[in-house]
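A closer look at the structure
Residues per chain are reported as follows:
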Amino acid sequence: TLVEEKINSNRTSWFGQPAQSTPQPITEIRTEDKKRYPTNSSELDRVLGGGIVPGSVVLIGGDPGIGKSTLLLQLAHSFAQAAGTVLYVSGEESARQVKMRSNRLGPAVDKLFVYAENNLELIESAIKEMKPGLVIIDSIQTVYNPDLSSAPGSVSQLRECTAELARNAKSEDIPIFIVGHVTKEGSIAGPRVLEHIVDTVLYLEGERHHSYRILRAVKNRFGSTNEIGIFEMTESGMKEVVNPSQFLLAERPINVSGSVVVPSMEGSRPVLVELQSLVSSTNFGVARRMTAGVDYNRVILISAVLEKRVGLQLGNQDIYVNIAGGIKIEEPALDLGIAVAIASSFRNIPVAAGTVVLGEIGLTGEVRSVNRVEQRVKEAYKLGYNRFIIPERNCRDLKQWKEIDLIGVQNLTTALELALGG
């Protein structure tokens, strides 16, 4: 629908000053490496790229009740204890409600100030008066600019309020964390321009029925977007998971068909996941294909390769593929694991004990090399796995270890024979 927007013509530049500056040569622009503020959480620091950058604007989204406010309140506690004053602006809860939630996370901190307000002008006045070291806005959908006639949460309010907060962050050199609601599709509610205005966009993912949460960066001007942080939701807040691989494989069944361990790279860290598959005869005219945690189209492609190149008759079989624990991974190194899991369930033969597989599969059935194999192998070996079925090219590049059995394969047929024992 069409919505009327009243535009204020008295605009300032992005950095809060009147637009009177002149262009200058890039050689004359002074740059200083700004010191990052640690968050006292190695998982959060990893996703942010090493800590909080002064003057940065971070947008964090996630489903209702997933733990966004809890994570940011923990951040406010640790920042107030170590670095400086924190202003926590709550537009959804009263100050008393925030205090009740804070009591579960630990003892109160004098430098943490709570401000239950959603008027942008009053929030800006509080920021300029206090000059805090960190500002948290929970949430941007409740903040409104009184100069605009539209309701809070509308497109114009979201865009203008976020842009104004970003201008304050840049001009005052204050980092600001903004909570954003998500739509049914899982994306941040509001116009896509919100993600262009801010410096970093984080998503907190996870299932309500699972205790863990995954923090993933989809945009980061100050670090990598490949890193993830894994947390466990407890009564006392979000607890970081030091060893994600051991956490995700804790309940893996032994000697069961359709289950295989695959080492995945999440940024600079290898994470071992359990890939499961269930293949059963269909009761309908068309076989079903369902996935959770892996790319649906990739599973369709690998199923076609198994039928054409290996000879598995999967046309009348329902195929379900899942990554245990609800984690989502889309890298090509999972291809061979998907194929082995499907074949294992179809033939009802468990994968050989202590075996890890990885590799990309081509349409002709060849197994292609993947990156960072040595890091993946070391992580799996630390957890007790000593037999690795990997692409032939990666096997040639790796030096042989006495403690482990490195097996290089060139095609899918050979890989299945080795993984399933014939």
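Below, the structure is looked at part by part. Just so we're clear, the structure is a prediction, and the values are computed from it rather than from any experiment. (Residues numbered from 1 in each chain as written. Predicted model: local features only at pLDDT ≥ 70, side-chain atom pairs only at ≥ 80, totals over all residues. Heavy atoms only, no water.)

**A look at the nonpolar core**
- L275, L306, L336, V340 and I342 are the most contacted members of the largest nonpolar core, which has 44 residues in total.
- Broken down by element, the residue count for this core peaks at seven residues, all from helix α9 (residues 335-347).
- Residues within four places of L306 in sequence aside, it is in contact with G311, L312, L314, A339, I342, L412 and L416.
- Among the nonpolar cores identified, the runner-up in size contains 30 residues, and I60, L134, L215 and A217 belong to it. (Core = buried A, V, L, I, M, F, W, Y, C linked by side-chain atoms within 4.5 Å. Buried < 20%, exposed > 50% of the residue type's maximum accessible area, 1.4 Å probe, protein only. Helix = DSSP H or I, 4+ residues; strand = E, 2+ residues; numbered from the N terminus. Contact = heavy atoms within 4.5 Å.)

**Some words on the packing of aromatic side chains**
- Across all of its chains, the model carries two aromatic pairs by this definition.
- Here Y212 and F247 contribute two aromatic rings whose centre-to-centre distance is 6.3 Å and whose plane-to-plane angle is 80°, an arrangement assigned as edge-to-face. Of this pair, Y212 sits in strand β7 (residues 212-220) while F247 sits in helix α7 (residues 244-248); the two residues are 35 residues apart in sequence, bridging distant segments of the chain. (Phe/Tyr/Trp six-rings, centres within 6.5 Å; stacked < 30°, edge-to-face > 60°.)

**Focus: helix α4 (residues 120-130)**
- Buried residues of α4: L120, I123, E124, A126 and I127, and no others. Projected down its long axis, α4 shows its buried positions confined to an angular sector of 160°, all on one face.
- One side-chain oxygen at the N-terminal end of α4 lies 2.9 Å from the backbone nitrogen of E121; it belongs to N119.
- Trailing α4 by a residue or two, K131 shows a phi angle of about 50°, which is positive. (Arc of directions from axis to C-beta. Polar contact = N/O pair within 3.5 Å; in protein donor to acceptor, adjacent residues only side chain to side chain.)

**Overview of the pairing of strand β3 (residues 112-115)**
- Relative to β3, strand β2 (residues 86-90) runs parallel, the two sharing four bridges. Bridging from a neighbouring strand, V86 pairs with L112 of β3.
- Handedness of the crossover is the feature at issue here: the chain leaves β2, passes through helix α3 (residues 95-105), returns alongside β3, and the resulting connection is right-handed. (Pairing = 2+ DSSP bridges. Right-handed = clockwise from strand over helix to strand, strands pointing away.)

**Quick notes on the packing of helix α8 (residues 296-310) against α9**
- Following both chains from N to C, one finds α8 and α9 inclined at 60°, their axes separated by 10 Å at the closest point. The angle between α8 and α9 places the two elements in the oblique class. In the packing of α8 onto α9, the handedness of the crossing is right-handed. Residues R298, V299, I302, S303, L306 and V310 of α8 form the contact with α9, whose participating residues are D335, I338, A339, I342 and R347.
- In the contact of α8 with α9, the residues fall into seven nonpolar, one polar and three charged. (Axes fitted to C-alpha atoms, helices over the stretch in contact; angles between N-to-C directions. Parallel < 35°, antiparallel > 145°, perpendicular 65-115°, else oblique. Left-handed = near helix turned anticlockwise from the far one by under 90°. Nonpolar A, V, L, I, M, F, W, Y, C, P; charged D, E, K, R; others polar.)

**Notes on unusual backbone geometry**
- Between D138 and S139 the backbone carries a cis peptide bond, its omega angle lying at 5°.
- Locating S139 in the fold gives a position in the loop between β4 (134-138) and α5 (155-172).

**Focus on the sheet that holds β3**
- Across the sheet, which stays open at both edges, the nine strands sit in the order β3-β2-β4-β5-β1-β6-β7-β8-β9 with mixed pairing between neighbours. Since the sheet does not close on itself, it has two edges, and those belong to β3 and β9 (237-240), each with one partner. In this sheet, adjacent strand axes meet at a mean angle of 25° when their direction is disregarded.
- Summarising the sheet, strand β1 (residues 57-62) and strand β6 (residues 200-205) pair through five bridges and their orientation is parallel. Residue V58 lies in a different strand from β6, and its bridge partner there is T200.

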